[in-house]
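Here is how the chains run, residue by residue.
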Amino acid sequence: MAAKTFKMTAVGKAELEKELEALKTAGRIDIAEKLKVARSYGDLSENSEYDEAKSEQAKIEARINELEYQLDHAEIIDVAGNDAVSMGSKVVVKRLSDGFEATYEIVGFAQSDPASGKISDESPVGKALMGSKIGETVVVEAPIGNLEYEILRLE
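Residues numbered from 1 in each chain as written. Predicted model: local features only at pLDDT ≥ 70, side-chain atom pairs only at ≥ 80, totals over all residues. Heavy atoms only, no water.

**Student:** In this structure, what is going on with the overall build of the chain? I would like to understand it.
**Tutor:** When you go through the chain residue by residue, the secondary structure sums to three helices and seven strands. Whereas a compact globule of 155 residues would reach a radius of gyration of roughly 15 Å, the chain reaches 21 Å, over 25% beyond that. Once the C-alpha set of the chain is aligned to its principal axes, its extents read approximately 65 × 30 × 30 Å. For the chain, with 155 residues in total, the buried portion stands at 33%. Summed over all atoms, the accessible surface of the chain reaches about 9,400 Å², with 52% contributed by carbon and sulfur. (Helix = DSSP H or I, 4+ residues; strand = E, 2+ residues; numbered from the N terminus. Rg over C-alpha atoms; globule rule 2.2 N^0.38 Å. Buried < 20%, exposed > 50% of the residue type's maximum accessible area, 1.4 Å probe, protein only. Areas by Shrake-Rupley, 256 points an atom, 1.4 Å probe, with all protein chains shown as cover.)

**Student:** Help me out: how do you make sense of helix α2 (residues 48-72) in this one?
**Tutor:** Given 3.6 residues per turn, any residue in an α-helix points the same way as the ones three and four places further on. For α2, with 25 residues, the first-to-last C-alpha span of 36 Å sits near the 36 Å given by 1.5 Å per residue. What α2 keeps buried is the set Tyr50, Ala53, Ile60, Ile64, Leu67, Gln70 and Leu71. On its buried face, α2 is in contact with β1 (6-8), α1 (10-39) and β2 (74-76). (Expected span 1.5 Å × (residues − 1). Contact = heavy atoms within 4.5 Å.)

**Student:** Just to check I follow, could you spell out the confidence of the model for the chain for this structure?
**Tutor:** Low pLDDT means the predicted coordinates in that region are not meant to be read closely. Summing up the model confidence of the chain, the mean pLDDT is 88 and the portion of residues at 70 or higher is 96%. For the chain, β1 is the element with the lowest average pLDDT, namely 82, and strand β3 (residues 90-95) is the one with the highest, namely 93. (pLDDT = per-residue confidence, 0-100.)

Written as structure tokens, this is what we have:
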């Protein structure tokens, strides 16, 4: 079975590399210090601080493994000179039902962060926008029903 590739922009890859480096250095140093302090409290069988530190260590190591895998299987997408919505595009849309305007950056799954406007090309909105041009209307099939968006501009 072929390994899954993770589409991302060069900027997105650099962000993941930065996060990985921070976890490998400061993250591991911080957790090692927490473990050292927790061990100093004595009996590990009933030491909640030690249990919490071990749990945090496991989460950090899992995230490190996840980032390493994503970076090893990254496919960098060239975003230059495209007049249609594509990976790496920043697109301003208007929801036709209420006139609400939003700006989305289309990124790969590994980079998505909807709270900051970065949506995956695999998300319902991202899929609907891909390949669209300024002035076009797209329909997004959402759990609350179909939503229509007009592409206002690409940034």
